[in-house]
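Topology and contacts: notes
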Amino acid sequence: SSGINAEYGYACRRFGVYPKQAMLHFCRFCERYLQPPTTWVPCTLESRELLALCLKKLKGLNKVRLIDASFIWTEPHSKRLKVNISIQGEAFGTILQQSFVVEYIIHYQMCDVCCKQKGSDGECWRALVQVRQRTIHKKTLFYIEQLILKHNMHKAPMNIRETEGGLNFYYQAKNNARKMVDFLISVIPCQYKTSEELVSHDIQSNIFNYKYTYFVEITPVCKDEVVCLTVGNSRYLNHMSQVAICSRISDNIHIMDPLTLKIGQFNAHQFFREPFQAICHQKQLREFMVMNIEPIRQTGKQFGAHSHKHQLADVWVLPVNSLGTDVEEIHTRSHLGNVLACGDYVSDSMLRTLSSTTLFSTKSRRCRTSSS
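Numbering of residues starts from 1 in each chain and follows the order in which that chain's sequence is written. Two thresholds apply to this predicted model, a pLDDT of at least 70 for residue-level local features and 80 or more for giving and counting side-chain atom pairs, whereas whole-chain, interface and lining totals are computed over all residues. Hydrogens and water are ignored here; the side-chain numbers use all heavy atoms of the structure.

1. Concerning the overall build of the protein chain
- Comment: elements are numbered from the N terminus, with helices defined as DSSP H or I runs of at least four residues and strands as E runs of at least two. A tally of helices and strands in the protein chain yields eight helices and 20 strands.
- Within the protein chain, the fraction of its 372 residues that count as buried is 38%.
- Residue contacts follow a heavy-atom distance rule, with two residues in contact if any of their heavy atoms lie within 4.5 Å. Taking contacts inside the protein chain between residues at least 6 apart in sequence as the whole, the part at least 24 apart equals 60%.
- Accessible surface area values rest on a Shrake-Rupley calculation with a 1.4 Å probe, where residue burial reflects the displayed protein chains alone. Taken as a whole, the protein chain presents about 23,100 Å² of accessible surface, with 50% of it coming from carbon and sulfur. Here's how the labels work: a residue is buried when its accessible area is under 20% of the maximum for its type, exposed when over 50%, partly exposed in between, all with a 1.4 Å probe on protein chains only.

This is the structure in structure tokens:
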């Protein structure tokens, strides 16, 4: 009998060695199972589709004849599936039959669709780009959104969330997040900081799993804002007037003196080394009506870079709410002489009505610098 058992055991080994345990990946958000390599299929418990998926996990079944396969009842919350498999094969001219039980362990894994929908909920994203701007309006952020759509940079993130003061971009790979940071640096003046958080590590294999965060800070100065330059910035721009206008925002900050049309620019490094502030925002503008305008022709020699898109003009304006009254017209000088005409409505800022907090802090900082 021992010889018969030995011959039977050798014959069973001829069928192949099958594992007693296997693994199934299950997405608990959409209730689908992973069919390697990248397909996710919906299957109910003890269904034919799930049984076929379990049998595909076993290698070598195509070399024998499958007689029967059925589920063995397990607790639904145990994350275990047991399948009783019967196979038949030929060894030494004899047909033998063998039955064995394979236990499948269910592991939770989010599918690609659920990762995009729930990318900020915790464990699926590997890199985060936080874009922030410390200002009272979102003018530059709207401009960034248009640039992102124009260059198709919105396709790489798993998810995009709007938060207070900026946007969050979630990525599956660190390289994609780094590409977004490089793109932002190339189109707007900004600076960034990096940080990383250890999620898990394997001491034996020396493998570490990190989450990376990039914090991108955009300059608070926006287009068409009145700014107050520091003394150092004014000297850098050939002694330009400290009260100037931000004419354009690109990868640099473009500044123009509205009284002389002198222009200059700062990059992100120069701005954050000696920052300046805006003293007038769009919400602080008042509506005026142009009553008269006289262009100014400059005949003297001009030194330094000047704007050729604008023209100086003396303008007399009147507040809209004062039309028909005895209020005197206000005389000002504007850089929009080639645009304005009598009867136009314009939005102006009166410096004498603005708060002097920003100007006072700038002068105090200048005095401390000169005394040191």
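2. Re unusual backbone geometry
- Omega for the peptide link from Pro36 to Pro37 comes to 5°, which places this bond in the cis form.
- Considering the arrangement of structural elements, one finds Pro37 in the loop between β2 (32-35) and β3 (39-42).
- Despite not being glycine, Asp224 shows a phi value in the positive range, around 65°.
- The phi angle at Asn238 is positive, at roughly 60°, despite the residue not being glycine.
- Along the chain, the position of Asn238 falls in the loop between α6 (231-236) and β13 (243-249).

3. Considerations on the pairing of strand β8 (residues 159-163)
- In this sheet, strand β9 (residues 166-171) lies alongside β8 in antiparallel orientation, the contact comprising five bridges. Looking at β9, one finds that Asn159 is bridged to Tyr170.
- Taken together, β8 and the strand that follows it, β9, pair antiparallel across an intervening segment of two residues, in which Gly165 is found at a positive phi of about 90°. At least two DSSP bridges between two strands are needed for those strands to be called paired.

4. Overview of the environment of Ser247
- With respect to the element layout, Ser247 can be found in strand β13.
- Given a relative accessible area of 26%, Ser247 falls into the partly exposed group.
- Separated by 24 residues in sequence, Ser247 and Lys223 place their C-alpha atoms 5.7 Å apart.
- Excluding residues within four positions of it along the chain, Ser247 makes contact with Lys223, Asp224, His254, Ile255 and Met256.

5. Here's the deal with the sheet that holds strand β12 (residues 226-228)
- Ordered by their spatial adjacency, five strands build an open sheet running β15-β14-β13-β12-β16, and the pairing between neighbours is antiparallel. Among the strands making up the open sheet, the edge pair consists of β15 (263-266) and β16 (277-280). Between one strand axis and the next, the sheet turns through 45° on average, direction left out of account.
- Where β13 and strand β14 (residues 253-256) come together, four bridges link them in antiparallel fashion. For Ile249, the partnering residue across the bridge sits in β14 and is Ile253. To get an axis, fit a line to the C-alpha atoms, keeping to the stretch in contact for a helix; angles then go from 0 to 180 degrees between the N-to-C directions.

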